[in-house]
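Secondary and tertiary structure notes
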Amino acid sequence: MKNLVILGAGTAGTMMANHLVKKLPRKEWKLTIVDQYKTHYYQPGFLFLPFDIYSTKQVKKNGKKFIPKGVDYIQKKIERIVPETNKVLLEQGDELAYDILIIATGTKIAPDEIEGMNGPMWYKNIFDFYTYEGAKALRDKLREWKGGKLVVHITEMPIKCPVAPLEFAFLADSYFKNKGMRDQVDITFVTPLGGAFTKPKATKALHYLLEEKGIKEVTDFNIERVDYENNKIIDYADTEVEYDLLVTVPTNMGDAVIERSGMGDDLNFVPTNKGSLQTTDYENIFAIGDATNLPASKAGSVAHFEAEILTDNILRYIQGQPLKEEFDGHANCFIETGNGKALLIDFNYTHEPVEGTFPFPGVGPLQLLKESRTNHMGKMAFRWVYWNLLIKGVHIPFVSATMNEKGKHFEEVTQ
Amino acid sequence: MRKLIAHTEVEVNEEGYLTDFSQWTKEVGECIADENGICLTDRHWEVIEYIHEKYSCEEPLSIRGIKKSGVIDIKEFYKLFPGGPLKKATMIAGIPKPKSCI
């Protein structure tokens, strides 16, 4: 009997368990998944929780429901991976031997990385919305907030779901308008990048959104510290931005177990082949989703596309065949723009978001890179798709793992 | 688009970043620096060398990476390349601007 072990039962790990249980012969392979937490969160919902669009119940379920029969589910903390002896050490001295290991331990926020962020004002007037706790605390704050300077801030790249902070700013604009207090709120978007949008095509098509909603931009802001006593953030060039309410996306880092195992880069992400998803250092260890150092977006859609390719590659590896270097960085994201509208973007390693239709070339019904109500309905429907199809490893009809270039207007792409 | 830099014709994008690293030379780097009001010193070149190393390993550049590089601290990095040091340093080094998804 051989062992395949998956570390992490989030979006990527759960999908891999569902894919592989159908493909691996049960007499030869034992499948195990390890995750210390009981709850599976619908992370895209954390964007909506602060604005009372989703309830807490809509964003969490018992993780066990999604682990298929035939997979051993261990709820224990992972102490360390020992690649030299092909073992995973768990808490209380338990050991798990593996023939193949899949790392799907995701990414976490690390507010301690910036001086003054995770201090006395954390969850008082400084919040994140990338965790369940943060999003919920922020919801409670927004319910009673009287207005002032709202600063939506990105600490450093890469972050999970890179457009979420911008969506947060858009939704905040709608939220305060609906509450009849938009004139009492000043919204500023602060980013370490050159703009809220950085690609020429998207900037051209979407910059009007910021102007229309009266959202100010502070760019090239690399934060050095939070001065929580005087309510301002300060960057390395000594630029200061004042806030009454700071909604920040702290540094995103790979799980601490990666650091304990000495397997990560500066941010604890696992060096991984960007086409095959095999780790750079160990041929029987693969990585998927937010845990990798791939130059793709850290997003559920990326993990979904990766899962299809990684499943093929695991089977190829078992059969001693060469791996396919097929993953093209494909990502597909809805972007909420407020007022019941959304955008849809589709892109990969080499192509920036383009205009066109999705998923059917020339037909749609979803419009790429354009605001519409249909796209918003798509984003809302996605929660059902997530719980019922996506993490169960069901192929989403008409959406391929690699990017389809038909029906998209590549000829207009500069760069 | 094409641009004449240091007596050589190079391909650049609309923001002035080289689109083909193989066209980069030290002279091209010096000219781009000059256009940005920066006079390159040995310290600048050490940083550019580090950026090239990262680029050849396909490792993304970040302020954190600079901090841990052992080559330079952030305050000095800002002094050498004032006003958006990563943007300016990558432009001078002839590699693409660090970017996000959209």
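Residues numbered from 1 in each chain as written. Chains lettered and ligands numbered in written order. Predicted model: local features only at pLDDT ≥ 70, side-chain atom pairs only at ≥ 80, totals over all residues. Heavy atoms only, no water.

**Observations concerning the domain arrangement of chain A**
All names here are of chain A. Note the following rule: All domain edges in this entry derive from an automatic or database-based domain assignment. One side-chain nitrogen of Lys or Arg within 4 Å of one carboxyl oxygen of Asp or Glu is enough to make a salt bridge. Contacts described as polar in this section are N or O atom pairs within 3.5 Å, which, within protein, must combine one atom able to donate a hydrogen with one able to accept it, while residues neighboring in sequence count only if both atoms come from side chains. Under the scheme applied here, ten amino acids are nonpolar (Ala, Val, Leu, Ile, Met, Phe, Trp, Tyr, Cys and Pro), four are charged (Asp, Glu, Lys and Arg), and all others, including Gly, are polar.
Under the domain assignment used here, chain A contains domain 1 (2-106 + 255-318), domain 2 (111-252) and domain 3 (331-412). Computed from C-alpha coordinates alone, the two centres of domain 1 and domain 2 are separated by 30 Å. Our enumeration of links across domain 1 and domain 2 arrives at 2 salt bridges. Between K160 and D290 there is a salt bridge, and its shortest N-O distance comes to 3.0 Å. If you look at where domain 1 meets domain 2, you find 5 residue pairs in polar contact (both at pLDDT 80 or more). Across the side of domain 1 that touches domain 2, the residue classes break down as 11 nonpolar, 3 polar and 4 charged.

**Structural notes on the interface of chain B and chain A**
As a reminder of what qualifies: Any two residues whose heavy atoms approach within 4.5 Å are treated as being in contact. A 1.4 Å probe defines the accessible area here, and the buried area is the portion of it lost by two parts on being joined, summed over both. Each helix corresponds to a stretch of at least 4 residues labelled H or I by DSSP, and each strand to a stretch of at least 2 residues labelled E; elements are numbered beginning at the N terminus.
Taken residue by residue, the interface counts 17 residues in chain B and 32 residues in chain A. Interface area, chain B with chain A, both sides summed: about 2200 Å², of which 54% is carbon and sulfur. Taken together, chain B and chain A are joined by 5 salt bridges. K75(B) is the partner of E224(A) in a salt bridge, and the nearest nitrogen-oxygen pair spans 3.4 Å. Counting the contacts that link chain B with chain A gives 9 residue pairs in polar contact (both at pLDDT 80 or more). Those elements giving two or more residues to the side of chain B that touches chain A turn out to be α3 (63-68) and α4 (74-80) of chain B. With 5 residues, the single largest contributor to the side of chain B that touches chain A is α3(B). Residue composition of the side of chain B that touches chain A, grouped by class: 6 nonpolar, 3 polar and 8 charged.

**Considerations on the environment of Y41(A)**
Residue and element names in this part refer to chain A. Positionally, Y41 belongs in strand β3 (residues 39-41). Placed 74 residues apart in sequence, Y41 and E115 show a C-alpha to C-alpha distance of 29 Å. Contacts of Y41, omitting those with residues within four sequence positions, involve F46, V59, K60, Y132, E133, Y386 and W387.

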